[in-house]
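In case you want the letters, here they are:
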Amino acid sequence: MSLLAFERRWAEALFTAILDAPLSRADVLWSRFDTAAAPLTRFGLRFMVWALIFLPLLRFERPFFAMGADARARFLTHVEARGSYFARQSLTTLKMLACFALYEDDAVRGSAS
């Protein structure tokens, strides 16, 4: 099952915070992910997105999508440095997907070579 529209927005908010840059071609990533990723991988991504969206409630008292840019950056730094194994691995996985999404943009890919 593919991510729902609101889940994609949440994932893109995480990607943007991780990269500290907006994504211009996330639609291509989702199209490829929906056709190429195994069902268990899609389920895992959904679980990781939900976890990282609501994990800030424990420390910052609001979900990720309701936080400002500075608070989002502090949360990601906290997860990376002191988060649980699951949270750190989820963040690492989302970092890889964020990079895939970033490099879907021809302008970014061209500037990297």
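First things first, this report covers the structure right here in the doc. Here the structure is a predicted model, which is why all the values come from computation and not from measurement.

### Notes on the environment of Ile 53
Working step 1: Counting through the fold element by element, Ile 53 comes out in helix H3 (residues 39-54).
Working step 2: Relative accessible area serves as the criterion here: at 0%, Ile 53 is assigned to the buried category.
Working step 3: Along the chain, Ile 53 and Ala 17 lie 36 residues apart, while their C-alpha atoms are 12 Å from each other.
Working step 4: Not counting chain neighbours up to four residues away, the residues in contact with Ile 53 comprise Trp 10, Leu 14, Pro 63, Phe 64 and Phe 65.

### Re helix H1 (residues 5-19)
Working step 1: Between its first and last C-alpha atoms H1 spans 21 Å; for 15 residues at 1.5 Å apiece the expected length is 21 Å, and the two agree.
Working step 2: The complete set of buried residues in H1 reads Glu 7, Arg 8, Trp 10, Ala 11, Ala 13, Leu 14, Phe 15 and Ile 18.
Working step 3: For H1, the secondary structure elements touched by its buried residues are helix H2 (26-36), H3, helix H5 (69-82) and helix H6 (85-102).
Working step 4: Asp 20 occupies a position one or two residues after H1 and carries a positive phi of about 55°.

### Quick word on the side chain of Arg 46
Working step 1: Considering the arrangement of structural elements, one finds Arg 46 in helix H3.
Working step 2: A residue is classified by how much of its surface remains accessible, and Arg 46, at 14% relative accessible area, is buried.
Working step 3: Once you skip the residues sitting within four places of it in the chain, Arg 46 turns out to touch Met 1, Ser 2, Leu 3, Leu 4 and Glu 7.

### So, the packing of H1 against H2
Working step 1: The interhelical angle for the contact between H1 and H2, taken along N-to-C directions, is 120°, at an axis separation of 12 Å. The angle between the axes of H1 and H2 places the two elements in the oblique class. Classified by chirality, the crossing of H2 by H1 is right-handed. Facing H1, whose interface residues are Arg 8, Ala 11, Glu 12 and Phe 15, H2 presents Ala 26, Leu 29, Trp 30 and Asp 34.
Working step 2: Considered class by class, the residues forming the contact of H1 with H2 number 5 nonpolar, no polar and 3 charged.

Calculation notes
- Residues numbered from 1 in each chain as written.
- Predicted model: local features only at pLDDT ≥ 70, side-chain atom pairs only at ≥ 80, totals over all residues.
- Heavy atoms only, no water.
- Helix = DSSP H or I, 4+ residues; strand = E, 2+ residues; numbered from the N terminus.
- Buried < 20%, exposed > 50% of the residue type's maximum accessible area, 1.4 Å probe, protein only.
- Contact = heavy atoms within 4.5 Å.
- Expected span 1.5 Å × (residues − 1).
- Axes fitted to C-alpha atoms, helices over the stretch in contact; angles between N-to-C directions.
- Parallel < 35°, antiparallel > 145°, perpendicular 65-115°, else oblique.
- Left-handed = near helix turned anticlockwise from the far one by under 90°.
- Nonpolar A, V, L, I, M, F, W, Y, C, P; charged D, E, K, R; others polar.

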